[in-house]
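Now for the letters of each chain:
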Amino acid sequence: MRRLLPLLLSAVLPLLSLATHNRAGEIIVCKLNSDPFDFTYEALIITHTKTSAPADRPELVLDWGDGEIDTIPRESITPIPGLDAQRNVYRGFHVYAGPGVFTLQMDDQNRNGGVLNIPNSVAQSFCIRTQLVISAQTGHNCSVRFQNSPLQDACFQQPWIHNSVAYDPDGDSLSYEPVVCRGLNCDPITGYDYPDGVFPGANNNYDIDPVTGTITWDSPQATGEYNIAFRVYEWRRVGSGTWVNVGWVTRDMQVTVVPCSNQPPEIADVADTCVEAGTFLTFPVQASDPDAGQNVTLNALGQPFLVGSSPASFTSPNPGNPVTGIFNWNTNCSHVRLQPYQVVFNATDNGQPVQLQDYSTMNITVVGPAPENPSATPSGTQIDLQWDASICSNVTGYAIYRRSGFYGFVPGPCETGVPGYTGYQFIGSTSGLNSTTYSDDQGLIIGNEYCYMVVALFPDGAESYASVEFCAILDRQVPVITHVSVGETDPATGIDTVRWSNAYDLDTVARPGPYQFRLYRGNGFNTAGTLIYTSPTHPFLAHPDTSFLDTGLDTESGPHAYRVELLGDDGNDLIGSASVASSVFIVPDPDDEQITLDIQHNTPWVNTTYEVFRFDGVQFVLIGTSTTPTYTDTGLVNGQEYCYYVKTIGAYSNPDIVAPLINFSQEVCAVPVDLTPPCPPTLELVNDCEEPLNMLTWNNPNNSCADDTWQYNIWFTDSLGGEYVLIATLNSAEDTTFTHVNGSSVAGCYAVTAIDTVGNESAFSNEVCGDNCPEYELPNVFTPNNDGRNDTFRPFPYRGVNRIDLQVFNRWGQVVFTTEDPDIGWNGTHRDTNEPVPDGVYFYVCRVFEERLAGEQLRELTGSVTILGSGSGPVN
């Protein structure tokens, strides 16, 4: 076998010497047709190789990721002028059995020798991989492809900037990350370094922008060849907006760094923009070079230049310094999509021997135009909406949004759809370009103005700009409650006052009188089913009897809800009912030196102001105002009673209804009490393995967020994720240190809680953890001659070891001693005979089980120990 090894190497090395041709590569995969039940896919293997290299590949082997492997022929070679390089395209076809996740890969046994960031690179193969996801959720897929060549050299100690200009034909969102190059059997290459790992330092940084894909290496610190790889992920929006990964493509490429004094050009930043479809977009782009006398060539790449309808153009004059190019794009409806279009501008100087480059990316979002000429028309108890069909034939439907009252929304240039801050809520949608009507009958309340906006929807989930706001008010054909106010707070003799406004828009010819009202009441906020009052009849609609004093109530324990019905034809025609309105009920929440009032109600109008009154011993006085239904009264004395009521001020959005609407809550009293615990301390740990000792220190909450902390609880667990147990309580707010050791172990996690004078305990502090620093070493010689010195085989002083599994072997591989005791204490006798073993060298395997924070961990020691002076027979 030893004699065969040089022969094998001599046979392999000539092959490896040919391994100098691959410079870059990727695999592109795409479905061939739109039939969802056809799983035929096309794959392109694209490689860039060195033309003058003796190695060449007229065909490559492709693993389709489903157990099938094919030999793929090369269909084209494109020479790249001036670079001793060529672009090779290999095309293959495959039918998958159905949905699944498939990793396609190509492994070619030709990676360049002498690559600085790959150990023994000549022995590594060149592997590229792509993942294809086919699923019922996301459908079929066409993978990412690249517009920019991967062949770009670098200058020694000058920034190297590159962008692959990736785009996705399906419009999927893209993200980028650097990955380790793969070698033999497509495994990650052991010992691979990213380029900044070669002579690392503050002046050597390599990264890739996860959003734009721009790779920056600032700056190479050694000349030579480097291999890099990056992965581009595709993300597709499904359902209600969840983003799902639908595959990725890895590009592997070579960068050659050579000595030169050139500096790279610079492109002036270009801001992202959004435009409405149909807009002609034009803007200048400028680049310059810091090296006097150099000229810059300015180009642009990106999907806007590839669209089938009205592609973009970029006009750049002859090379100059500076140089200005003009981007032009006459957008149309076919360009509307959820994802922005990325445009990459490239500036290249004419330096020698390397032409350095700069890249600048910007995004263009093409937005669908807003639906036009919307209208809202009241129709009984519903509002009918209508608008013009979108000018974009690719619209799939419309979304309708509503709010009570006008907002005044003016969308920003990139603000599509209807943002939530406007108060508008989605109420429905239509399907189809010409589905331009919608009837809203969902929870409309007579007395309010309802405003709407409509948004056009596109196939990939993109939304147009919102239409203008358009509003309508339902005709007042039923009564409208305007007043439910507590007049007396009492558990038995409480009083509510109820008032309502008449149905002034009622068609009295169709619904003649005489007219009367019926008033209903219920407990709580939402239902009113008990008839409590029937008014006399009146011949005219302007019935004067529109209020009622409701007495004998329990207004202390809860609210009451009311509803009014209007009847015509002398009580024989139920015309309709007002929406339910409740009284205002406040619930106090006492805490430390404060009381929070929760102001509860259910009204068909909108309350905008809440005035809070507190009893001062003589009368109720105004102490504050809130615009939300909650109010916190602070600076109170614990144990003292405070009493309150609230005045609400609101209105319907119909300006014809009387306003403001003023109502009062019940009176309520509460006593503040300290229910607020101190804030959690901030904990620090000094983990001392040598002592061994753990020292905890933390801050006193009385110095920041509390004033009555007086005690601390110390909590401990001996493992990550373990259950905490209380190990100590300190009875002084100033006592903020604690030392602890768990036997001889310092592995464990700690937390501290602070406790105030009434027993409120804080949440746990931050968790801090310490770990053991296990040490266990064995000597290489001992002398079992009973002279009292070095008579046994035992470890040097050790720590953090639970147990061991030691086996000692003689030269013939026979076990002569075993133990699980970490102290060992072997006196040099054979385990079977208890007789001294011969002097000589013995070999051991020692499995050491160390006590660590994450649990028991195994470390294996192997070595030899020499026995001298045993007084036994021949030497081992």
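Residues numbered from 1 in each chain as written. Predicted model: local features only at pLDDT ≥ 70, side-chain atom pairs only at ≥ 80, totals over all residues. Heavy atoms only, no water.

Q: Run through the environment of A202, naming residues and quoting values.
A: Secondary-structure assignment places A202 in the loop between β12 (173-179) and β13 (205-208). On the basis of relative accessibility, which here comes to 78%, the residue A202 falls in the exposed class. As for A202 and R182, which are separated by 20 residues in sequence, their C-alpha atoms are 27 Å apart. (Helix = DSSP H or I, 4+ residues; strand = E, 2+ residues; numbered from the N terminus. Buried < 20%, exposed > 50% of the residue type's maximum accessible area, 1.4 Å probe, protein only.)

Q: Tell me about the sheet that holds strand β27 (residues 397-404), and name the residues and values.
A: Strand order in this open sheet of four strands is β28-β27-β30-β31, and the pairing throughout is antiparallel. Bordering the open sheet on either side are β28 (425-431) and β31 (470-473), each of which pairs with just one other strand. Direction aside, the axes of adjacent strands within the sheet are offset by 30 degrees on average. Where β27 lies against β28, six bridges are found, and the strand directions are antiparallel. Residue pairing across strands places G397 opposite S431, the latter belonging to β28. (Pairing = 2+ DSSP bridges. Axes fitted to C-alpha atoms, helices over the stretch in contact; angles between N-to-C directions.)

Q: Could you give an account of the state of the cysteines, naming the residues involved and the relevant values?
A: Inspection of every chain in the model, using the stated rule, returns 10 disulfides. The disulfide partner of C30 is C142, and the gap between their sulfur atoms is 1.6 Å. On the sign convention where negative means left-handed, the S-S torsion of about 45 degrees between C30 and C142 marks this disulfide as right-handed. Linking C30 in strand β1 (residues 22-31) with C142 in the loop between β7 (126-134) and β8 (145-146), this pair joins segments that are 112 residues apart in sequence. Accessibility expressed as a relative area gives 15% for C30, which makes it buried. Across the disulfide, C643 is cross-linked to C669 (sulfur-sulfur distance 1.9 Å). Its torsion about the S-S bond being 105 degrees, the disulfide of C643 and C669 is classed as right-handed. Note that C643 is positioned in strand β45 (residues 642-651) and C669 in strand β47 (residues 668-670), a separation of 26 residues in sequence. (Disulfide = S-S within 2.5 Å.)

Q: Describe the layout of surface pockets, naming the residues involved and giving the relevant values.
A: Approximately 460 Å³ is the volume found for the largest pocket. Put simply, the parts of the chain that give the lining of the largest pocket at least two residues each are β20 (296-302), β23 (341-349) and β24 (357-367). Here the residues of the lining of the largest pocket sort into six nonpolar, 11 polar and two charged. Looking at the second largest pocket, its volume works out to about 320 Å³. Taken together, 19 residues form the lining of the second largest pocket, with L174, Q339, P340, Q342 and N363 sitting closest to its centre. Those elements that provide at least two residues to the lining of the second largest pocket are β11 (166-167), β12 and β23. Taken together, the residues that form the lining of the second largest pocket break down as nine nonpolar, seven polar and three charged. (1 Å grid on protein atoms, 1.4 Å probe; cavity = no way out; pocket = protein on both sides within 12 Å on 5 of 7 lines; lining within 4 Å. Points joined across faces, edges and corners; volume = space filled by probe spheres on them. Nonpolar A, V, L, I, M, F, W, Y, C, P; charged D, E, K, R; others polar.)

Q: Give me the lowdown on the pattern of salt bridges, citing residues and values where you can.
A: Counted according to the given criterion, the structure contains 21 salt bridges. Between K647 and E611 there is a salt bridge, with the nearest N and O atoms lying 3.8 Å from each other. With K647 in strand β45 and E611 in strand β42 (residues 606-615), this pair connects stretches of sequence that are 36 residues apart. Accessibility classification places K647 together with E611 in one group, the buried group. For R799, the salt bridge identified is with E775, shortest N-O distance 3.2 Å. On the criterion of sequence distance, the pair formed by R799 in the loop between β55 (781-782) and β56 (801-809) and E775 in the loop between β54 (768-770) and β55 is long-range, its members being 24 residues apart. Bridged by salt links that share partners, the residues E42, E75 and R91 form one connected network. (Salt bridge = Lys/Arg side-chain N within 4 Å of Asp/Glu carboxyl O.)

Q: Kindly report on empty space enclosed by the protein, identifying the contributing residues and their values.
A: The full count for this structure, using the stated rule, is one cavity of 30 Å³ or more. Of the voids in this model, the largest cavity is the one considered here, and its volume is about 40 Å³. For the largest cavity, the full set of lining residues is H21, N22, T47, T49, D56, R57, L60, R74, N88, Y90 and D108. Contributing elements (two or more residues each) for the lining of the largest cavity: β2 (40-50) and β5 (85-95).

Q: For the packing of aromatic side chains, give the residues involved together with the corresponding values.
A: The final tally for this structure, using the stated rule, is 36 aromatic pairs. Aromatic side chains Y41 and Y96 sit 5.9 Å apart centroid to centroid with 75 degrees between the ring planes, which places their arrangement in the edge-to-face category. Highlighted residues: Y41 in strand β2 and Y96 in the loop between β5 and β6 (100-108), separated in sequence by 55 residues. The exposure class assigned to Y96 is buried, which follows from its relative accessible area of 2%. One Lys or Arg, R231, reaches over the ring of W248 and ends 3.8 Å from the middle of that ring. One cation-aromatic arrangement involves R337 over Y341; the distance from NZ or CZ to the ring centre is 3.9 Å. (Phe/Tyr/Trp six-rings, centres within 6.5 Å; stacked < 30°, edge-to-face > 60°. Lys NZ or Arg CZ within 6 Å of the ring centre and 35° of its normal.)

Q: So what about unusual backbone geometry? Which residues, and what values?
A: Put simply, Q352 and P353 share a cis peptide bond, and its omega is 5 degrees. On the secondary structure map, P353 appears in the loop between β23 and β24. Residue P514 is reached from G513 by a cis peptide bond, and omega for that bond is 0 degrees. Summarising the element assignment, P514 is placed in the loop between β33 (494-501) and β34 (516-523). A positive phi angle is found at C186, which is not glycine, with a value near 65 degrees. Along the chain, C186 falls in the loop between β12 and β13. Its relative accessible area of 4% is what places C186 among the buried residues.

Q: Give me the lowdown on the pairing of strand β32 (residues 480-488), citing residues and values where you can.
A: The buried count for β32 comes to seven of nine residues, which makes it a mostly enclosed element. In terms of strand pairing, β32 meets β33 through seven bridges, oriented antiparallel. Across the sheet, the residue bridging to E488 is I495, located in β33. In textbook terms, the turn of a hairpin is the stretch between consecutive antiparallel strands, and for β32 and β33 this stretch comprises five residues.

Q: Which residues make up the environment of N321, and what values go with them?
A: On the secondary structure map, N321 appears in the loop between β21 (313-315) and β22 (323-330). Not counting residues within four places of it along the chain, the set of residues in contact with N321 comprises S288, D289, D291, Q294 and N295. From its side chain, N321 meets the backbone nitrogen of D289 in a polar contact 2.9 Å long. A distance of 3.2 Å separates a polar atom in the side chain of N321 from the backbone oxygen of Q294. (Contact = heavy atoms within 4.5 Å. Polar contact = N/O pair within 3.5 Å; in protein donor to acceptor, adjacent residues only side chain to side chain.)

Q: Tell me about the side chain of N141, residues and numbers included.
A: Following the sequence through the fold, N141 ends up in the loop between β7 and β8. For N141, a relative accessible area of 3% translates into the label buried. Within the local environment of N141, its side chain forms a polar contact with the side chain of E234, the two groups lying 3.1 Å apart. Once you skip the residues sitting within four places of it in the chain, N141 turns out to touch V29, C30, K31, Y41, L132, V133, D170, D172, E234, R236 and V246.

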